[in-house]
Amino acid sequence: MTDKEMYEMYRNWILEQTDPAYEINEKSEDEIDFVTENAVGHVQFYHLDYEICALTIESEKSDEPVFFLHFEIKDLDHAKDLFTQMIAS
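All residue numbers here refer to positions counted from 1 along the written sequence of the relevant chain. Where totals are concerned, whole chains, interfaces and linings use all residues; where local detail is concerned, this predicted model gives features only for residues with pLDDT of at least 70, and gives and counts side-chain atom pairs only at 80 or more. As a rule here, side-chain values come from all non-hydrogen atoms in the structure, and water together with hydrogens is ignored.

(A) Seen up close, the pairing of strand β1 (residues 23-28). Examined bridge by bridge, β1 and strand β2 (residues 31-35) share five bridges and lie antiparallel to one another. Paired with Asn 25 across the strands is Asp 33, a residue of β2. Being paired, for any two strands, means DSSP has found at least two bridges between them. Helical segments are the DSSP runs of H or I of at least four residues, strand segments are the runs of E of at least two, and each set is numbered from the N terminus. In sequence, β1 turns back onto β2 through a hairpin of two residues.

Structure representation (structure tokens):
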């Protein structure tokens, strides 16, 4: 599987996630927000020589990041696990 195919599968999987605790806002092809009452989770993709994903949570109260992780999308199961960890936070 190519990096681009893995990125597309991961992105589509993220958009399929649903939970009454958050609202999904697809801001662009490379930026997705998960909005809750207390925080906003950001998923940002960067296309360099390889595919990079950045996961961030910003507190609504302080407008400061409370979670930040970036990684190269190489293992789809691991990438899904990292997203799940962000949502759990």
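(B) Broad picture of the packing of aromatic side chains. Ring pairs shown here join Phe, Tyr and Trp side chains whose ring centres sit within 6.5 Å, with only the six-membered ring taken for Trp; geometry is labelled stacked below 30 degrees between planes, edge-to-face above 60, and tilted in between. Enumeration over the complete set of coordinates arrives at seven aromatic pairs. On the numbers, 6.3 Å between centres and 70 degrees between planes, the contact of Tyr 10 with Phe 71 is edge-to-face. With Tyr 10 in helix α1 (residues 3-16) and Phe 71 in strand β5 (residues 65-72), this pair connects stretches of sequence that are 61 residues apart. Note on accessibility: Tyr 10 and Phe 71 belong to one class, buried. Only protein chains enter the accessibility calculation, which uses a 1.4 Å probe. A residue is then buried if its area is under 20% of the maximum for its type, exposed if over 50%, and partly exposed in between.

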